[in-house]
Structure formats: structure tokens, C-alpha cells
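Listed below, chain by chain, are the residues.
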Amino acid sequence: MATISELEELVVQVRRDILRMVHKVNSGHPGGSLGCTEFFVTLYNEVMDLKEGFDMDGHGEDVFFLSNGHISPVFYSVLARRGYFPLEELNTFRLINSRLQGHPTTHEGLPGIRVASGSLGQGMSVALGAALAKKLNKDNHLVYSLHGDGELQEGQNWEAIMFAAAHKVDNLIATVDRNGQQIDGPTEKVMPLGDVPEKFRAFGWDVLEIENGNDLGQVIEGLKEAKQRTGKGKPVCIVMTTMMGNGVDFMMHTHAWHGKAPNDEQLETALAQNPETLGDY
Amino acid sequence: MTKYTDQGKKDTRSGFGAGMTELGRTNPNVVALCADLVGSLKIETFIDENPERFFQVGIAEANMMGIAAGLTIGGKIPFATTFANFATGRVYDQIRQSIAYSHKNVKICASHAGVTLGEDGATHQILEDIGLMKMLPGMTVINPCDFNQTKAATIAIAEHHGPVYLRFGRPKVANFTPVDQEFEIGKAVLLNEGTDVTIVATGHLVWEALLAAENLENQGISCEVINIHTIKPLDEKAILDSIGKTGCIVTAEEHNFLGGLGESVARTLALHQPTPQEFVATQDTFGESGTPDQLMEKYGLNNKAIEAAVLKVLKRK
């Protein structure tokens, strides 16, 4: 178990990784990545029960699926800093012949990745399959997943949400990143999602909310609370409100940084707001 | 000419069901999923004997493909089942990202392929599925010819690691292959040796090819008949060896001529040994309602169509 200040240091360093990765190749998705940094850092360093090394089947450990694959920078940074692959490999993000594809894939054999994602809306179904396999294998570990809120516009999610409750998949914790933004603008303008927690409840899920998903304390508490609620006959959903671009003042309160990289000057400003803690890669 | 006997007409989907029953008893990692078509897929016995290894997903094929991909992550061997139309075209992107690109050991098992499901009409028929599946990198595509071979193929694909598309049909057709046959993925079966023309057929059309060859034999034309149960990977050697003897070829399949077996064969010939070829296949059309026999007649998918194609290709030698 890490202390809050250790986790906070890691959060800041991961933010630096994200910014430097997308800046180097002038492409990628910093906004959603920065918004989910506290979640990833907490999940991989405080909440999930992980074993040493990586194998695809994940027997005897918790597994995680990223459905909204475009926030790969935060996923790669947290995996590398957790020791799944060399930190220096973050230098190869989105470059030719890299294992760090723009969107995560198993194709290049990157440890930590169990399914390709990027074409949105498919991750919950995959997480369900992995959760069912754990039940068949009598493996009492949990399956976690993360979904963008805009991604809920894909109908496949609602097929999965219906199935999860009907089949009592209570070893799954699905988290919705409710940042309220998507490429074309606010979700409530592009295609309103309405009351997301109520929708999950209506489909038979146990739902809890994290009011500020960029408050490390709230994220830790929320994830631990969700864990307590597993194994009780219902799938568990966390609706977590986050700020896209969190930690960089000019990237917040806008959807502009959904899929745009900072230029040299912007990078400098952003990094100055997040001074190095654990060492850059 | 080798004589084949119809051991009694049976549907290939029941061959799949029989294969699943056996897998249920022999392979504890095999699990099945279905999108509200259990009766059509003939998997009732598997479900009765292994209720904990069956997942009813309802009318939600996209979710079914994703769940199947996820089950492999725990070491399971999922057989995802529904009609061919909904098992491929409807969920192409789910298969592409979560299964093929992710290298998942999912068996997509599709019944009611082609036009011969009959009266339901074009919305439930598909003549493009072989093309869709064979274009996916790493996907194996299998289309067995009768009940016995479908059963053997079903059992064989559980032992093969990687995504597989297994295609079969609804109508009862001649069951003529050995009950105890070995099924080797990617290995064509030479059914009849001949010298004038090669007929390579897949699925229901294999029996029609044998009927055509018998008629042609009576007219003094010697046909080599090959059963291509695996369209990808294609047994190119079997095809090239045969055309080395005959010098011309007819391909026969219950599929659009675009994207099917014929097109794969044409590529092989173009690369290695340009050879006159005729296609027995549908001609870039949708199907319609009718009985299987009426549809095979109308869309040119029976032994008469194969005979006509042989006579045509012989003139091009």
C-alpha cells in the first residue's frame, strides 16, 4: 500500500508522461488521459490484486479492460510505471514498429493489454466474458473496466449492461468516465445521455458515484467501496465525474484537447504546472 | 469413378450440434453462446448436459462476440453461434477488433448460410460471409460438405488455436462422407480422380459436384472432384497438382462469386499457373424466398449448373 503522497507524486509524473508522449509525435489524446490519471494510478497501485509478470489469461489476479482505447497514453504510462514493460518504451508511442500503438492492441504483444480497443463500445462485453470465465474457473478475483461517457452512445453497451444484470455478473466493476465531453462537443449536446446512474440502476446494477474523479482521496474511497459491493448478485457500476485535461489549466473546461497535442511552448507551460516527481522516462 | 452413397439426408447444422455434444463430453474448456437461436443451431444436448457452460445472450450478437472474446481470456474455448448473416455482417467490427485483431481463440459457428435456408428470404440469407471472414487476417474459414464432415470439423476446430469461422446450413443434404473421417484444417479431400477437368467445390455444392461428375462421366468426360472444406488457408497444392493434370477448373460454392472460394482459387491460378476457370456461384445478387431446391435451380447452384460450367470451361482449354 502506498501513501497518499506517494500516489500523488505518481499522478503528477504520469501527467508529465502523457503530455510528453503526445507532444513528441504531435498526436494522441491528452484530454481524457489527464482526466483519468487518478483513476488509473489508484486502480493499478492501490486497488487491483495483481500478480508478478503478465499472462494473457490472468488467472489468480484482477484484470482490467480499457474500452475507450484512445486514452492509451495514461494506460501505457501507468503500466510502464507498474513494471509491465520498460519505461523508456514510452518514447516509441505511436511510432512505426512500436508496441505502443495509437490505440492499445494485443497484436504487438505489449504486456498488460488483453484486448484491442479503439473502435468504441466493445469493452464491456469483453469484460463480461472475462468475468464469466473467472466464475467458471472458480477464481474469486475481479474484473474492472473503464468506459467513456460518450462511448455509451454505442448500443452494444446496453446489450452488455442488460446481460450483466440478467446473468448476475457480480465480479465486474465497470467505471464510466463522466467528463461530459466528446470530439464534437459536450455529450449533452451531441447526444444526451441523461441520468447515467439511474439508467444503470434501471437495468439492475448496483451504482455508486464518485463526485470528483480527480480527487485522489475520493477515487481511492470510491474504488474500495465498489470492491466491497461485489459478490452480492449485481454487477457494480461507478459513475465518476472527471475534468478532461485535469492538471493543465489551459486544457480544462473545454473539449479542445480531446485529440490534440500541445506545441513546444504549450508543453513547457503544462510541464511547469506539473513539476517532475519520480523522474521522466 | 469412385461411387459415393448417400447414407440418408441430414442437415449440416445437426452435424454441428452432434459435434458440440461430443465436445461437451470431451473438452471441459469448450463453452457455447447463442443469440436466441438454440433450436436452429441444434445445441440443445450440449446445453442440457453442460448448463453452466452455456450463455444465452438474447438477440444481441455484438455483445455475444465481445463476451466470447472475453471468455478466451480465462482460457475458455467459446463457440459463438447464430445465423451466418448475423454472425458475420452484423458484427463485422466486433469480430475484427475484439476477436481477429486481438488474436482470440473464438469459434464463430454460423448456420443458415447461403440461400438454402429458403423461405425466410434475403434478410436471413447471406452470400457474402466467406468473403467477409476470409479478409480478416488470421481468420480460418471452413465450410464442410455434409453432416459427418461438419461434426468432424466442429471437433477439429476446438483443437486449433485461433479464430475460426465455421459455416454450415439448414437444408437436409446427402450425407456421404465417412462417419469416422479425420478432419485436417487446410487439407483438401480428393474425392474422384479424373483427367479432363477439375471441379473444386465447398459446402452443399460438393455433393452436387459428384452428381455432375457422374453425369459427365456418362458423356465421356473425366472429372477430378475435390472437396475444399477449408477456404482459408487454401490447399493450393491440391489445386495446382490437379490442374497440372486437367488444364481447366470449375469452382462451385453457395456464395457470391465475389469474395468466395472461386476468387481465392483464381488468385492462386493467376500467381502460379493461369488456367481457364468457370465460377458456379451467385452472380452478385441477393437471394429471395423459395424452397432450397427452387433457389438452387434459380441461382445456378446445382449439379446442372456445374455440368454447364464444365462444358463451357472445356471449350476454353
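Computed from a prediction, not measured in an experiment: that's the story for all the values here.

Moving on, we come to the overall build of chain A. What chain A contains, in helices and strands, is 10 helices and 7 strands. Here chain A has a C-alpha radius of gyration of 17 Å; the compact-globule value for 281 residues is 19 Å, and the two agree. Taken along the three principal axes of its C-alpha coordinates, chain A extends 50 × 45 × 35 Å. Taking all 281 residues of chain A together, 58% fall into the buried category. Taking the intrachain contacts of chain A between residues at least 6 apart in sequence as the baseline, contacts between residues at least 24 apart amount to 75%.

With that settled, consider the sheet that holds strand β5 (residues 107-111) of chain B. All names here are of chain B. Sheet architecture is open: 7 strands sit in the order β3-β2-β4-β5-β7-β6-β12, paired in mixed fashion. Taken across any chain shown, the strands that pair with only one partner, and hence form the sheet edges, are β3 (54-56) and β12 (230-232). Ignoring which end each strand starts from, the neighbouring axes of this sheet average 20 degrees apart. Both strand β2 (residues 30-34) and strand β4 (residues 77-83) contribute to a ladder of 5 bridges, which runs parallel. Residue pairing across strands places Leu33 opposite Ala80, the latter belonging to β4.

Take the side chain of Thr282(B) next. Residue and element names in this part refer to chain B. For Thr282, the location among the structural elements is in strand β14 (residues 277-282). Polar contacts involving the side chain of Thr282 include one to the main-chain amide nitrogen of Asn256, which spans 3.3 Å. Setting aside chain neighbours within four positions, we find Thr282 in contact with Leu127, His255, Asn256, Phe257, Tyr299 and Leu301.

In this section: the pairing of strand β6 (residues 206-210) of chain A. For a regular strand, side chains alternate in direction, first toward one face of the sheet and then toward the other. Residues and elements named next belong to chain A. Across 5 bridges, the pairing between β6 and strand β7 (residues 236-241) is parallel. Bridging across to β7, Asp206 finds its partner in Val236. A crossover links β6 with its parallel partner β7, the connecting element being helix α9 (residues 216-228), and its sense is right-handed.

This part takes up unusual backbone geometry. At the junction of Lys232(B) and Pro233(B), the peptide bond is cis and its omega measures out at 0 degrees in the coordinates. Along the chain, the position of Pro233(B) falls in the loop between β12 and α10 (236-246). We note that Lys138(A) has phi near 55 degrees; this positive angle belongs to a residue other than glycine. Residue placement: Lys138(A) occurs in the loop between α5 (123-136) and β2 (143-148). Non-glycine residue Lys42(B) carries a positive phi angle of around 60 degrees.

What follows deals with the pairing of β7(A). Residues and elements named next belong to chain A. Along β7, 5 of the 6 residues are buried, which leaves the element largely enclosed by surrounding structure. Judged from the 6 bridges that link them, strand β3 (residues 172-178) and β7 form a sheet pairing that is parallel. Within β7, the residue paired with Arg178 across the bridge is Thr241.

Looking now at the packing of aromatic side chains. All chains considered together, the criterion is met by 18 aromatic pairs over all chains. Ring geometry for Tyr44(A) versus Phe64(A): centroids 5.9 Å apart, planes at 85 degrees, classification edge-to-face. Placement of the pair is Tyr44(A) in helix α3 (residues 37-47) and Phe64(A) in strand β1 (residues 63-66), with a sequence separation of 20 residues. Phe64(A) shares its class with Tyr44(A); the two are buried. Ring geometry for Phe176(B) versus Trp207(B): centroids 5.1 Å apart, planes at 40 degrees, classification tilted. One end of the pair, Phe176(B), is in the loop between β8 (172-173) and β9 (189-192); the other, Trp207(B), is in helix α9 (residues 205-218), with 31 residues separating them in the sequence. For Phe176(B), a relative accessible area of 5% gives the class buried. The class of Trp207(B) is buried, set by a relative accessible area of 15%. Through successive ring pairs, a cluster of aromatic residues spans Phe39(A), Phe40(A), Tyr44(A), Phe54(A), Phe64(A), Phe75(A) and Tyr84(A). Sitting over the ring of Tyr281(A), Arg20(A) keeps its end group 4.3 Å from the ring centre.

Attention now moves to the confidence of the model for chain B. For chain B, mean pLDDT is 97; residues scoring 70 or higher make up 100% of the total. As scored by the predictor, the complex reaches a pTM of 0.97 and an ipTM of 0.96.

Quick look at the pattern of salt bridges now. This structure, assessed with the given rule, holds 31 salt bridges over all chains. Between Glu188(A) and Arg178(A) there is a salt bridge whose closest N-O contact spans 3.1 Å. In this pair, Glu188(A) sits in helix α7 (residues 187-190) while Arg178(A) sits in strand β3, placing the two residues 10 residues apart along the sequence. Assessed through its relative accessible area of 15%, Arg178(A) is described here as buried. Put simply, Asp129(B) and Arg167(B) hold a salt bridge, and the shortest N to O gap is 2.7 Å. Here the residue Asp129(B) occupies a position in helix α7 (residues 129-134), and Arg167(B) occupies one in strand β7 (residues 164-167), the gap between them amounting to 38 residues. In this structure, Asp129(B) and Arg167(B) share a single accessibility class: buried. Members of the salt-bridge network, linked through shared partners, are Arg16(A), Glu276(A) and Asp280(A).

The next thing to look at is the sheet that holds β7(A). Backbone-to-backbone hydrogen bonds pair the strands of a sheet. The strands run either parallel or antiparallel. Residue and element names in this part refer to chain A. Read from one edge of the open sheet, 5 strands run β1-β2-β3-β7-β6, paired in parallel fashion. Single-partner strands in this sheet number two, and they are β1 and β6. This sheet shows a mean twist of 20 degrees between the axes of neighbouring strands, independent of strand direction. Against the sheet, α9 touches β2, β3, β6 and β7, its axis set at about 170 degrees to β6.

Residue and element names in this part refer to chain B. Residues Ile239, Ser242, Ile243 and Thr246 constitute the buried set of α10. Each buried residue of α10 sits inside an arc of 95 degrees when the element is viewed along its axis, so together they form one side. The exposed set on the far side of α10, more than 90 degrees from its buried face, consists of Lys237 and Gly244. Buried-residue contacts for α10 involve β10 (197-201), β11 (223-227), β13 (249-256) and α11 (261-272). A positive backbone phi angle near 80 degrees is found at Gly247, which sits one or two residues after α10.

Core analysis: the biggest nonpolar cluster contains 73 residues, and Phe65(A), Phe200(A), Trp205(A), Met65(B), Ile95(B) and Ile108(B) have the highest contact counts within it. A per-element tally of this core places α5(A) first, with 8 residues. When residues no more than four places from it in sequence are discounted, the contact partners of Met65(B) are Ala80(B), Ala87(B), Val91(B), Gln94(B), Ile95(B), Ile99(B) and Ile108(B). In terms of nonpolar packing, the next biggest core, distinct from the first, is built from 57 residues, Val47(A), Val74(A), Phe93(A) and Leu100(A) among them.

What follows concerns the environment of Gly247(A). Residue and element names in this part refer to chain A. Following the sequence through the fold, Gly247 ends up in the loop between β7 and α10 (264-272). The sequence separation of Gly247 and Arg16 amounts to 231 residues, and the corresponding C-alpha distance is 9.9 Å. Ignoring any residue separated from it by four or fewer positions in sequence, one finds Gly247 in contact with Arg15, Met252, Gln273 and Asn274.

Calculation notes
- Residues numbered from 1 in each chain as written.
- Chains lettered and ligands numbered in written order.
- Predicted model: local features only at pLDDT ≥ 70, side-chain atom pairs only at ≥ 80, totals over all residues.
- Heavy atoms only, no water.
- Helix = DSSP H or I, 4+ residues; strand = E, 2+ residues; numbered from the N terminus.
- Rg over C-alpha atoms; globule rule 2.2 N^0.38 Å.
- Buried < 20%, exposed > 50% of the residue type's maximum accessible area, 1.4 Å probe, protein only.
- Contact = heavy atoms within 4.5 Å.
- Pairing = 2+ DSSP bridges.
- Axes fitted to C-alpha atoms, helices over the stretch in contact; angles between N-to-C directions.
- Polar contact = N/O pair within 3.5 Å; in protein donor to acceptor, adjacent residues only side chain to side chain.
- Right-handed = clockwise from strand over helix to strand, strands pointing away.
- Phe/Tyr/Trp six-rings, centres within 6.5 Å; stacked < 30°, edge-to-face > 60°.
- Lys NZ or Arg CZ within 6 Å of the ring centre and 35° of its normal.
- pLDDT = per-residue confidence, 0-100.
- Salt bridge = Lys/Arg side-chain N within 4 Å of Asp/Glu carboxyl O.
- Arc of directions from axis to C-beta.
- Core = buried A, V, L, I, M, F, W, Y, C linked by side-chain atoms within 4.5 Å.

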